[in-house]
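# Fold and geometry: a report
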Amino acid sequence: MKVALVCSSDLLGGASMVTYRLMHALRHQGVDARMIVYTKMSEDDEVKLVGSRFMRGIYFMAERAKIMMANGFSRENLFKVSIANIGYPLHRHPWIKKADVVCLSWINQGMVSLNGIRSIAGMGKPIVWTMHDMWNCTGICHHAYECTGFKESCGCCPLLDSDKHDDLSHKVWKKKKKLYDAVPINFVAVSNWLAKRCAESSLLAGKNVRVIHNAFPIDTFHTAASGDYPLLNIDYSRNIILMGAARLDEPIKGIEYAIEALNILFDNYPQVAKKCTAVFFGSLRNPAVLGNLRFPHSWVGRINDPETIRELYARSKVVLSTSLYETLPGTLIEGQAAGCLPVTFGAGGQNDIVTHLKDGYIAKYRDAADIAAGIRWALEADIDRNELHESVRARFSSHEVAKSYIDLFNEIIR
């Protein structure tokens, strides 16, 4: 079986990384899986770069320019939306021509247009589209937040600051509606939360949407520290509460709730605080955001070495996420794979990962006091780290995820 996976990149961004992992998981199962990208970071021969750097820039700017003309030339929400109005003619690519199945992933910002997808379908190629956020079931936004316009037909888009029904969001909604009605696309949601959003949407309600989680290299994570591995000048005699993100102070990550919860512990449970340290990894646009955090803590910046991250998880007791919306938060899965107990809000795919008070804590939404209570629970819980690792393997290992995709590929080919 030949499968062509299409994604904006192989290693740049969460969706790209999990698609790259899926490619290798499929190849390990005997599938001739290859990946087509427009930003290549690896040296992998099974990943093909499409187009030139110049053309990538042209396509990217053409899409962003149209969005800016619709939003009054504001940059505030520029990257919270995409319109897929332009992209590479992938139906001419030899790997697409030879593929038995074309598997789309994150294809925005000039990778593939909606018309380009129609051209691929016109070749008679079965299409699987893995959804990593809400973009497929909305007009243009990657997350709808509190907006319910996607349940109707979009328009009056808050991310465009628009009061017109026939705005860019509605126009792209109409293009998606025509595409989805004409082309038999097999949609995959990476979490049950996302599948429910699809069922609520006017675009995907009643369509074929199944849930297959992202693949994670579970067996590369270990549950115990490996000797005297030198790591980041952290006091490992304390219980570590770990929080990480590509950008910690991105508004959607809700770091203010983590800070407030840790301060609640510091002020009201000093005996807990003196035995713990909070460790933050990832970039900070404004490092001063941690300036009012009284709880013992350290920020170690961005970590690019996977082994360092795995070692940090193995030495931690709690993995914390206060994201306001998250499709399938990878840090919680990685933390569990290393034996950490997650503490998180539940507005997203967290419920696919955490069973409350069994293998983690789901706090009341936007309730910092309940996050603090969850941290206390996790610090006191007596849960076997190895059993936690095994439970994650059954749900998120690359092997199990690849098997689910192969079953889907065989089904649609038949």
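Structure: see above.
Residues numbered from 1 in each chain as written. Predicted model: local features only at pLDDT ≥ 70, side-chain atom pairs only at ≥ 80, totals over all residues. Heavy atoms only, no water.

## Side note on the overall build of the chain
Broken down by element type, the chain carries 14 helices and 13 strands. Whereas a compact globule of 414 residues would reach a radius of gyration of roughly 22 Å, the chain reaches 22 Å, a difference of no more than 12%. For the chain, the spread of C-alpha atoms along the principal axes amounts to about 65 × 50 × 40 Å. Here the chain, with 414 residues, has 56% of them falling under the buried criterion. Looking at the chain alone, contacts between residues at least 24 apart form 66% of all its contacts between residues at least 6 apart. (Helix = DSSP H or I, 4+ residues; strand = E, 2+ residues; numbered from the N terminus. Rg over C-alpha atoms; globule rule 2.2 N^0.38 Å. Buried < 20%, exposed > 50% of the residue type's maximum accessible area, 1.4 Å probe, protein only. Contact = heavy atoms within 4.5 Å.)

## What to know about the sheet that holds strand β8 (residues 239-247)
With parallel pairing, six strands are arranged side by side in an open sheet as β10-β9-β8-β11-β12-β13. In the strand order of this sheet, the two ends are held by β10 (297-299) and β13 (361-363), each with one partner. When strand polarity is set aside, the average angle formed by the axes of neighbouring strands in this sheet is 20°. Relative to strand β9 (residues 276-283), β8 runs parallel, the two sharing seven bridges. Among the inter-strand pairings, N239 is bridged to a residue of β9, identified as C276. The strands that helix α10 (residues 330-337) touches are β8, β11 (318-321) and β12 (341-345); relative to β11, the one it contacts most, it runs at about 175°. Contacts from helix α12 (residues 368-380) reach β8, β9, β11, β12 and β13 within the one sheet, and its direction differs from that of β12 by about 170°. (Pairing = 2+ DSSP bridges. Axes fitted to C-alpha atoms, helices over the stretch in contact; angles between N-to-C directions.)

## Observations concerning helix α6 (residues 192-200)
Every buried residue belonging to α6 is among W193, L194, A195, R197 and C198, and all of these are buried. At its buried positions, α6 is contacted by β5 (127-131), β6 (185-189), β7 (209-211) and α11 (350-353).

## Quick word on the sheet that holds strand β1 (residues 2-6)
With parallel pairing, seven strands are arranged side by side in an open sheet as β3-β2-β1-β4-β5-β6-β7. Edge positions in the sheet fall to β3 (47-49) and β7, since each has one partner strand and no second. The mean angle between the axes of side-by-side strands here comes to 25°, regardless of whether they run parallel or antiparallel. The sheet contacts of helix α14 (residues 398-413) involve β1, β4 (101-104), β5, β6 and β7, and relative to β5 the element is tilted by about 145°.

## Concerning the packing of aromatic side chains
Enumeration over the complete set of coordinates arrives at 13 aromatic pairs. Ring centres of W129 and F187 lie 6.1 Å apart, and the angle between their planes is 20°; on these two criteria the pair is classed as stacked. Highlighted residues: W129 in strand β5 and F187 in strand β6, separated in sequence by 58 residues. Taking 6.2 Å as the distance between ring centres and 45° as the angle between the ring planes, the aromatic pair formed by Y361 and W377 counts as tilted. Here W377 lies in helix α12 and Y361 lies in strand β13, a separation of 16 residues in the sequence. Aromatic ring contacts, followed pair by pair, group W129, W135, Y180 and F187 into a single cluster. Taking the ring centre of Y236 as reference, the NZ or CZ of R315 above it sits at 4.6 Å. (Phe/Tyr/Trp six-rings, centres within 6.5 Å; stacked < 30°, edge-to-face > 60°. Lys NZ or Arg CZ within 6 Å of the ring centre and 35° of its normal.)

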